[in-house]
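Here are the chains, one letter per residue:
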Amino acid sequence: MPMSSSESATALKRTVIVAIFAAVAVVLSLVEAQIPLVGVGLMPGAKLGFANIMILTCIFFLRGRDAFVLVILKTLLTAFLLGTFSSLLFSLFGSLLSFVVMYLLVKWGGRNFSVIGISIAGGLAHNTGQLFAAAIVFKSTSIFYYLPVLLIAGIVTGIAVGFAVRYLVASLSKISLFEEFLG
């Protein structure tokens, strides 16, 4: 069944938004990769999670499958630009777990959770997912000794990302492109 003109326009808008969000997420990941975090006691590969700003913002405006596509695009593009197979695996595990947790909290949690709380949960899930990937790659559970440090980092970065998302969602809500996606 062919789409109506209105449905086609909405689908095009969704595609444009996902493409813009993916581009911004990749740029944020590239900027973030230039910040050395090993010097402050975090394990190699630790990130601030700035790209999650775009993922969580997408979850607030678009459908779950749109945000899922954004997660995959961001993860693949960033891995190809910055990493290796193992970094792709770590990022994919972390990003997918983070996405699922944040999506479920937004869609099912309703107004019971703040944007900052959802972002913190996403940060914690991302770090946990990466540790599971590392445990698989290295065939060792001793990697989980990093969990306390990564959980603290996930809380701190989740707060920062949550504040950014709160202001970004409020700002984008005023732009006509996003009007029809406000729920």
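The structure this text deals with has already been given above.
(A) Region of the structure containing the environment of lysine 13. Within the element layout of this structure, lysine 13 appears in helix H1 (residues 5-33). Assessed through its relative accessible area of 29%, lysine 13 is described here as partly exposed. A C-alpha to C-alpha distance of 8.7 Å links lysine 13 and phenylalanine 178, two positions 165 residues apart in sequence. Sequence-distant contacts of lysine 13, defined by excluding residues within four places in its chain, comprise Leu177, Glu180 and Phe181. Here the side chain of lysine 13 touches glutamate 180 through a polar contact of 2.7 Å, side chain to side chain.

(B) Representation of the pattern of salt bridges in the model. For the coordinates displayed, the defined rule picks out three salt bridges. For arginine 14, the salt bridge goes to aspartate 66, with nearest N and O atoms at 3.5 Å. Of this pair, arginine 14 sits in helix H1 while aspartate 66 sits in helix H3 (residues 64-82); the two residues are 52 residues apart in sequence, bridging distant segments of the chain. Neither residue differs from the other here; arginine 14 and aspartate 66 are each classed as buried. Two residues, aspartate 66 and arginine 63, come together in a salt bridge whose shortest N-O distance is 3.1 Å. Aspartate 66 sits in the buried class, given a relative accessible area of 8%.

(C) Spotlight on the packing of helix H5 (residues 115-138) against helix H6 (residues 147-172). For the pair H5 and H6, interaxial distance at closest approach is 7 Å and the crossing angle is 140°. The crossing of H5 and H6 is right-handed.

Cut-offs and rules
Residues numbered from 1 in each chain as written. Predicted model: local features only at pLDDT ≥ 70, side-chain atom pairs only at ≥ 80, totals over all residues. Heavy atoms only, no water. Helix = DSSP H or I, 4+ residues; strand = E, 2+ residues; numbered from the N terminus. Buried < 20%, exposed > 50% of the residue type's maximum accessible area, 1.4 Å probe, protein only. Contact = heavy atoms within 4.5 Å. Polar contact = N/O pair within 3.5 Å; in protein donor to acceptor, adjacent residues only side chain to side chain. Salt bridge = Lys/Arg side-chain N within 4 Å of Asp/Glu carboxyl O. Axes fitted to C-alpha atoms, helices over the stretch in contact; angles between N-to-C directions. Left-handed = near helix turned anticlockwise from the far one by under 90°.

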